[in-house]
Amino acid sequence: EAGVVQSPRYKIIEKKQPVAFWCNPISGHNTLYWYLQNLGQGPELLIRYENEEAVDDSQLPKDRFSAERLKGVDSTLKIQPAELGDSAVYLCASSRDSGAYNEQFFGPGTRLTVL
Amino acid sequence: GDSVTQMEGPVTLSEEAFLTINCTYTATGYPSLFWYVQYPGEGLQLLLKATKADDKGSNKGFEATYRKETTSFHLEKGSVQVSDSAVYFCALIMKTSYDKVIFGPGTSLSVIP
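Residues numbered from 1 in each chain as written. Chains lettered and ligands numbered in written order. Predicted model: local features only at pLDDT ≥ 70, side-chain atom pairs only at ≥ 80, totals over all residues. Heavy atoms only, no water.

**A few points about the state of the cysteines**
Residues and elements named next belong to chain B.
Item 1. Overall, the coordinates contain two disulfides over all chains when judged by the stated rule.
Item 2. Bridging Cys23 to Cys90, the disulfide has an S-S length of 1.9 Å. Around the S-S axis, the bridge from Cys23 to Cys90 shows a dihedral of about -70° and counts as left-handed. Pair noted here: Cys23 is in strand β4 (residues 23–26) and Cys90 is in strand β10 (residues 86–93), with a separation of 67 residues, a long-range link.
Item 3. Look at Cys23 and you get buried, because its relative accessible area is 1%.
Item 4. For Cys90, a relative accessible area of 1% translates into the label buried. (Disulfide = S-S within 2.5 Å. Helix = DSSP H or I, 4+ residues; strand = E, 2+ residues; numbered from the N terminus. Buried < 20%, exposed > 50% of the residue type's maximum accessible area, 1.4 Å probe, protein only.)

What follows is the structure, encoded as structure tokens:
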């Protein structure tokens, strides 16, 4: 089966510009996650979706970050406006379900550089 | 709060050398423990897991044993290959919040021929 697809793989923007990342989870996976991975650190959860509902967005900086998962499949994560400190890798992951541990499958990530 | 600590990298080994990457955790309960691997240019992949004390997870020649008394989950492999070069992440999940994975900072491994 196809894995988690993310695009773009790399993005370079100037500060104060908007940017969007796209994720297509594995077919049939109801739960979708966005993680932030700073250089030299492990991923940190930004938001988790169960189908189209955001059930855990407590770590999402809502002043500049937003996300959506229309129709409970693909998802978009947006930053507006971007700041220098947003330079990082943004990872998307999906799992079949939640409530009990289901393995999370990760995409390759989008590496964002803010100049 | 719950956290994971790993030995700092980068770690450089010669092919066929023995590998140990140390991992310790802090948790209020008894978590499930995991090792993920991230090969260059790819996403994280689950390498192995252990869900209770004294369990041993194993995969692709890698092993780790859940040690409750030392709150550790060290990753070992008897003979590394060049293809094992990657970043390795130790992680935990509390059984009360199955979806929230807490990752360590990662340890970069380079294996040279």
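**Observations regarding the pattern of salt bridges**
Close approach of charged atoms allows side chains with opposite charge to pair.
Item 1. Per the counting criterion, the structure on display carries seven salt bridges over all chains.
Item 2. Ionic pairing is found between A:Arg64 and A:Asp86, a salt bridge with its closest N-O pair at 2.6 Å. Of this pair, A:Arg64 sits in the loop between β6 (53–56) and β7 (65–68) while A:Asp86 sits in the loop between β8 (75–79) and β9 (88–95), and the two are 22 residues apart along the sequence.
Item 3. Of the charged contacts, one joins B:Asp55 and B:Lys52 as a salt bridge, the two residues approaching to 3.3 Å between their closest N and O atoms.
Item 4. Judged by its relative accessible area of 51%, B:Lys52 is exposed. (Salt bridge = Lys/Arg side-chain N within 4 Å of Asp/Glu carboxyl O.)

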